[in-house]
Amino acid sequence: MLAWLVAVPAAGASVPGELDDGFGTGGVSSALVGGNGGANAVAMDPQGRIVVSGQTAINGPNSKFGAARFNPDGSLDASFGDGGTVTVDVGIGSMGAGVLPLPDGRVVLTGSAYMPHSALEFAAVRLLPDGSLDPSFGGDGIVTQPIGHGALAMVAVPANDGKIVLVGSATVGLATDVAQKVENLAAAAIRLNPDGSLDQSFGEDGIALAPAGSAAQGVTVETDGDLVWAGETSVEGVQAFAAGRWTASGEVDRGYGTDGVAVIPIDAGAAAVGVAHDPADGSSVVVGPSFNRSLHTTAVRLDANGRPDPAFGTDGIERVPTGLMTNGIVREADGGFVIAITGGLSAVRLLPDGTPDPEFGENGVAKHPAGVKAAANGAFVAPGGKLLLAGVAFGEDGRGRFAVARLHSAAGEEPPVEEEPPVEEELPVEEELPVEDEPPLEEEPPAEEPETPVEPEPDPEPPAEETPPSDDAPPGHGKPPTQDPPAKPVIPKLPPPATGSQEAVPETEIVGAPGKVKTKRKRAVVRFKFRAKGAAARFECKLNRGRWAPCASGVKMRVAKGKHVFRVRALGSDGVPGPPARHALRVKRAR
């Protein structure tokens, strides 16, 4: 899930982490987009307007790209789309994940779409300042790009000359078994020209891939144009943080980490969802949820060559026991970091050394309930220093809304600029200068949400939201300081946000499963029955190193000959998973 922070001027005393009463209603604004939905990303355009993007029909069929634009005071901008909101049909179902406002008022929305007779593809939509589709982009304002056997875009960043880069994961090999799908995932990126065509000078014909076995959810741009991505991989069957780097031309930087990928195992499992760059020393801070009896918001700092910094946090790792999902990160002007989390429109703030900021909220955690339930998925720091968190807030009617909260910053805020007195005599009007484009699995995985779903049936489907490895450059490639791009958008499928009070984590027991199976076919069909010990809203299953996927008791799976491990876990109504139950089985050839 993902988060962006934005700063905006406000009046009155400011307490770091508190809502800005000068924005919206009590510091929060929301909009119903497409009847039901939630935001995954937020940014601010040069005109000071706040733009959020996400998807409609949360976790439902026929989802669409959605966007809303708010004025600096939090009111909807009626000049944008239909009273301030826009929905766009892409394919037969789509998921908005990122947003890039352009200097001229146009807006790029990015994410993924299911295309007819095809798999999940990277997708981008460009809107004119009034919210209508821009026909100069892809011919009709919409561009989709297939990669391998399916691809999921999680975030986008600007590149030079008006180009944009979409980053996510792709299934690059033909999986013949569920257990092989993770090995066939790879962090992926495409670079689009201003007209929406693939930039053939990037990677291979416009597409860059990282080493297989990982998936990307976050990315940051360095000053030389290189891209550092963050995500996850698997170490002996357990999820781990992963990060990598592509050069500005889309080549894997082999000098980053180990052969292009930095792998950081943490506790019982972890998955990075965001990354922020520090231009002072060229390092990057990677964040995501980790699991050790409960969920933690966890951060690691990697130096310019992808090596962990032991001076950051506690022995190189900072774990904040939030018990909530982590969705994105942004760097503030003083070198601190703000991380969006669920459990309301909430955030964690770390000081430059990685320790929680005691002046921000309560011990570095600021929680702000919104609606019946809410979750922050994106963050952005705007001019002036205030923070914007975007996500989903559910109303009494059960429908999700695109929500934005504005918080006071602990990094210091610029006071509002006073208007100059009017000039007595009329001065000649200067010619307006053109606006330039801004430079731009697992033995026992954690019982958490960071894992991306995979179909229970072993069909080569589109990739799950995972995080990748990447990049190449000679070992001595000391990266110069770089600048942070917008924080990464959060997950494409918005999970039911956690409420302020945590309910008991449900446990699961398997009550029916085969031990040894014999078959004369290439695969055997096996059935598993299970139940929750306590209240559970739904279940997720996985086979071997596959991805968690929704399931129900009595689920059937086709498995090849050999040894397998089936896992199932229950999720409470707040979306928090309980510990998984497991069952080992062996399939033999019948004589």
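Everything numeric in this text was worked out from a predicted model, so none of it was measured. (Residues numbered from 1 in each chain as written. Predicted model: local features only at pLDDT ≥ 70, side-chain atom pairs only at ≥ 80, totals over all residues. Heavy atoms only, no water.)

Caption draft 1: Region of interest: the overall build of the protein. Within the protein, the secondary structure is distributed over zero helices and 36 strands. Looking at the protein as a whole, 59% of its 591 residues qualify as buried. With an accessible surface of roughly 22400 Å², the protein has 51% of that area assigned to carbon and sulfur atoms. (Helix = DSSP H or I, 4+ residues; strand = E, 2+ residues; numbered from the N terminus. Buried < 20%, exposed > 50% of the residue type's maximum accessible area, 1.4 Å probe, protein only. Areas by Shrake-Rupley, 256 points an atom, 1.4 Å probe, with all protein chains shown as cover.)

Caption draft 2: The sheet that holds strand β18 (residues 274-278), seen in detail. Strand order across the open sheet formed by four strands is β18-β19-β20-β21, with antiparallel pairing between neighbours. At either margin of the open sheet sits one strand with a lone partner, and together these are β18 and β21 (317-320). Averaged over all neighbouring strand pairs, the angle between strand axes comes to 25°, with direction disregarded. Of the strand pairs in this sheet, strand β19 (residues 283-291) and strand β20 (residues 295-302) are connected by eight bridges, and their pairing is antiparallel. By the bridge assignment, V287 is partnered in β20 with A299. (Pairing = 2+ DSSP bridges. Axes fitted to C-alpha atoms, helices over the stretch in contact; angles between N-to-C directions.)

Caption draft 3: Looking closely at the side chain of R569. Inspection of the secondary structure puts R569 in strand β35 (residues 562-571). The exposure class of R569 is buried, given its relative accessible area of 1%. At 2.8 Å, the side chain of R569 and the side chain of E540 are in polar contact. (Polar contact = N/O pair within 3.5 Å; in protein donor to acceptor, adjacent residues only side chain to side chain.)

Caption draft 4: Local environment of the environment of A532. Position of A532 relative to the elements: it lies in strand β31 (residues 523-533). Owing to a relative accessible area of 24%, A532 belongs among the partly exposed residues under this scheme. Taking C-alpha positions, A532 is 5.7 Å from E507, a pair spaced 25 residues apart along the chain. Every residue in contact with A532, bar those within four places of it in the chain, is listed here: E507, T508, F539 and A570. (Contact = heavy atoms within 4.5 Å.)

Caption draft 5: Region of the structure containing the side chain of R349. Of note, R349 is situated in strand β24 (residues 346-350). Of the polar contacts made by the side chain of R349, one reaches the side chain of E332; its length is 2.5 Å.

Caption draft 6: Highlighting the nonpolar core. Residues I50, V52 and L109 are the most contacted members of the largest nonpolar core, which totals 33 residues. Breaking this core down by element, the ones donating at least two residues are β2 (37-44), β3 (50-56), β4 (65-70), β5 (85-88), β7 (107-114), β8 (120-127), β27 (387-394) and β28 (400-407). A total of five residues in this core trace back to one element, the largest contributor, which is β2. (Core = buried A, V, L, I, M, F, W, Y, C linked by side-chain atoms within 4.5 Å.)

Caption draft 7: Quick look at the pairing of β35. The element β35 is largely enclosed, with a buried count of eight among its ten residues. In terms of strand pairing, strand β32 (residues 538-543) meets β35 through six bridges, oriented antiparallel. Its bridge partner being in β35, E540 is matched across the sheet by R569. Here β35 pairs with strand β36 (residues 581-589) via seven bridges, running antiparallel. When the sheet's bridge partners are listed, V568 is paired in β36 with A581.

Caption draft 8: Seen up close, unusual backbone geometry. Unusually for a residue other than glycine, D161 sits at a positive phi of about 60°. Locating D161 in the fold gives a position in the loop between β10 (151-158) and β11 (164-171). By relative accessible area, which is 65% here, D161 ends up exposed. Residue N363 is not a glycine yet carries a positive backbone phi of 55°. Relative to the elements of secondary structure, N363 occurs in the loop between β24 and β25 (365-366).

Caption draft 9: Region of the structure containing the packing of aromatic side chains. Summed over all chains, the structure comprises four aromatic pairs. Considering the side-chain rings of F528 and F566, the 3.8 Å spacing of their centres and the 5° angle between planes classify their relative orientation as stacked. Here F528 is found in strand β31, whereas its partner F566 is found in strand β35, with 38 residues between them in sequence. Judged by its relative accessible area of 0%, F528 falls in the buried class. Judged by its relative accessible area of 0%, F566 falls in the buried class. (Phe/Tyr/Trp six-rings, centres within 6.5 Å; stacked < 30°, edge-to-face > 60°.)

Caption draft 10: Molecular detail of the sheet that holds β10. Taken in spatial order, the four strands line up as β10-β11-β12-β13 in an open sheet, and their pairing is antiparallel. Every interior strand has two partners, whereas the edge strands, β10 and β13 (207-212), have only one. Between one strand axis and the next, the sheet turns by 20° as a mean value, whatever way the strands run. Here strand β12 (residues 185-192) pairs with β13 via four bridges, running antiparallel. From the neighbouring strand, A188 faces β13, where its bridge partner is L209.

Function cannot be inferred from these measures alone, as they are strictly geometric.
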